[in-house]
Every structure is written in C-alpha cells, then in structure tokens.
Amino acid sequence: EPEVTQTPSHQVTQMGQEVILRCVPISNHLYFYWYRQILGQKVEFLVSFYNNEISEKSEIFDDQFSVERPDGSNFTLKIRSTKLEDSAMYFCASSVRGGTEAFFGQGTRLTVV
Amino acid sequence: DQQVKQNSPSLSVQEGRISILNCDYTNSMFDYFLWYKKYPAEGPTFLISISSIKDKNEDGRFTVFLNKSAKHLSLHIVPSQPGDSAVYFCAASVGGANSKLTFGKGITLSVRP
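The notes below deal with the structure included here.

The rules we used
- Residues numbered from 1 in each chain as written.
- Chains lettered and ligands numbered in written order.
- Predicted model: local features only at pLDDT ≥ 70, side-chain atom pairs only at ≥ 80, totals over all residues.
- Heavy atoms only, no water.
- Pairing = 2+ DSSP bridges.
- Helix = DSSP H or I, 4+ residues; strand = E, 2+ residues; numbered from the N terminus.
- Phe/Tyr/Trp six-rings, centres within 6.5 Å; stacked < 30°, edge-to-face > 60°.
- Buried < 20%, exposed > 50% of the residue type's maximum accessible area, 1.4 Å probe, protein only.
- Axes fitted to C-alpha atoms, helices over the stretch in contact; angles between N-to-C directions.
- Contact = heavy atoms within 4.5 Å.
- Buried area = accessible area lost by both parts, 1.4 Å probe.
- Salt bridge = Lys/Arg side-chain N within 4 Å of Asp/Glu carboxyl O.
- Polar contact = N/O pair within 3.5 Å; in protein donor to acceptor, adjacent residues only side chain to side chain.
- Nonpolar A, V, L, I, M, F, W, Y, C, P; charged D, E, K, R; others polar.

1. Observations concerning the sheet that holds strand β3 (residues 19–25) of chain B
Strand pairing in a sheet is mediated by backbone hydrogen bonds. Such pairs are either parallel or antiparallel.
Residues and elements named next belong to chain B.
Item 1. Overall, antiparallel pairing links the five strands, which are arranged β1-β3-β8-β7-β6 in an open sheet. The open sheet has two edge strands with one neighbour each: β1 (4–5) and β6 (56–59).
Item 2. Bridge count for β1 against β3 is two bridges, and the pairing is antiparallel. Pairing of Lys-5 across the sheet is with Asp-24, part of β3.

Listed below in structure tokens is the structure:
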C-alpha cells in the first residue's frame, strides 16, 4: 500500500541551527502539507503546497520556515534558526485531487536543545 | 482557538460493545469532517469522513453521524475490539480533503478484553 515516508524519524538539534525535514509523498498525489504536534497539544496545520507553490499557511509558518519540492518526489520543510518551542512531532501529509482524505507520514520528532 | 472540540479526553469500553466518540465544532464554514486514528509513534491514519451534505456515512464497523444544526458529529464503532485502542482525532475543513485540516485534541479510547 502506498505511504508517505518521512526522514529522519528523530532529529536533535541545537537552538539556532537549521534543520531540514524530509518527506516523500505518495507518488500520484498533488497536494502536500506539513502539520506539527507539540507534546500534549493538538495537531496544527503549518502549510499546504500545490502546483509548486504555497497555497495556504498558518500564523505559525513565519519567515523561519520554508518548504520546497526540489524534485519530483521529495517535499521538505526547512526551519532556518530553530527555537526551543519548535520542538514537536512534524507530520507530512499528501492527498490526491478530489480525494476523501489526507495521508499522513509517521512523523519526525524534532528536539531542540 | 478551539474550532474543533473533543471534550472527553478518554473513553473506556468493553470489547464487543459500542464506542461513541463525540466532536463539536464552532466554525459554521466547515463542510467536510474526518476521523483519524493514531497509535503511539505513528502518524494519523484515516478512518472515515463525511461531507456536510450528508448526515451519516458508514464503513464496516465505523459510522459517522453529522448533526449540522447542533454542530456535532460522532463516531460509532460497533463492535469495539481491543485493536481499536488508540487516540481518535476529529478534524474539519472548508472545501474538502484537499484543504487544511483543523484538528481536535483527540480522545484516547481503551477497549477492554
């Protein structure tokens, strides 16, 4: 069964460092998303991406964040200068046009120390 | 900003009985609703969805009911099985599954053998 894959599963980084979280969405999907879940809190929307551009972003997705689809298969989330409060589980998701659901990856746990 | 609320943090039911998980929303613009299940260290897995033009959708043991006037939906699992023990998230969107999802906090379901 096709699935969304994310790497790494766990990333530890020092405050102020840049991190790149990687995702391989399902191959025929056209819509891509990043969500995050801070421990004990809700899953929160960060950004959606369609047709090689951001279609929507939340207030969380400030200038420190960026997304890219560098080739036909990868979708990345970059955090330029990490803060302690960026520590969270980050989920990538993708969906097909007109589909009934978004498929989520297993997540990357980001720990900023 | 609690546009999607799951007010009960946990639910425990006996195997074979019905599990009823509730969800309320405040944003009248939401027109598409989804339920996801999540095991520890995994991403959310889609269960079932419903469009606002319907009031019921059924898929095997899972049925979702939507009461638009009350801004309330519920997920029924019949019969409940120990493997159903997980965190269940209600999510909503404006414009279908390709739009950003707003999640509730989740309900931890425990099914006792």
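2. Here's the deal with the packing of aromatic side chains
Item 1. As enumerated under the stated definition, the model contains 18 aromatic pairs over all chains in all.
Item 2. Pairing A:Tyr31 with A:Tyr50 gives two aromatic rings, centres 4.4 Å apart and planes at 10°, and the pair type is stacked. In this pair, A:Tyr31 is assigned in strand β4 (residues 31–37) and A:Tyr50 in strand β5 (residues 43–50), connecting sequence segments 19 residues apart.
Item 3. Given a relative accessible area of 13%, A:Tyr31 falls into the buried group.
Item 4. Taking the relative accessible area as the measure of exposure, A:Tyr50 reaches 24% and is therefore partly exposed.
Item 5. Aromatic side chains B:Phe30 and B:Phe33 sit 6.5 Å apart centroid to centroid with 80° between the ring planes, which places their arrangement in the edge-to-face category. As far as burial versus exposure is concerned, B:Phe30 and B:Phe33 are alike and both buried.

3. Quick look at the sheet that holds strand β8 (residues 75–79) of chain A
Residues and elements named next belong to chain A.
Item 1. Strand order in the open sheet formed by four strands is β1-β3-β8-β7, and the pairing between neighbours is antiparallel. Here the strands that pair on one side only, and so sit at the sheet edges, are β1 (5–7) and β7 (65–68). The mean inter-strand angle of the sheet, taken between neighbouring strand axes irrespective of direction, is 20°.
Item 2. Here β1 pairs with strand β3 (residues 19–24) via three bridges, running antiparallel. Note on β3: the bridge partner recorded for Thr-5 is Val-24.

4. Thoughts on the interface of chain B and chain A
Item 1. Taken residue by residue, the interface counts 23 residues in chain B and 20 residues in chain A.
Item 2. When the two sides are added together, the surface that chain B and chain A hide from each other amounts to roughly 1,700 Å², 56% of it contributed by carbon and sulfur.
Item 3. Broken down residue by residue, the surface that chain B buries against chain A is led by B:Asn98, B:Lys100 and B:Phe103, which jointly contribute 35%.
Item 4. One can count one salt bridge joining chain B with chain A.
Item 5. Taken together, the links from chain B to chain A amount to nine residue pairs in polar contact (both at pLDDT 80 or more).
Item 6. Elements with a contribution of two residues or more to the side of chain B that touches chain A: β4 (32–38) and β5 (45–51) of chain B.
Item 7. Counting residues per element, the side of chain B that touches chain A draws most heavily on β4(B), which supplies four residues.
Item 8. Considering only residue class, the side of chain B that touches chain A consists of 11 nonpolar, seven polar and five charged.

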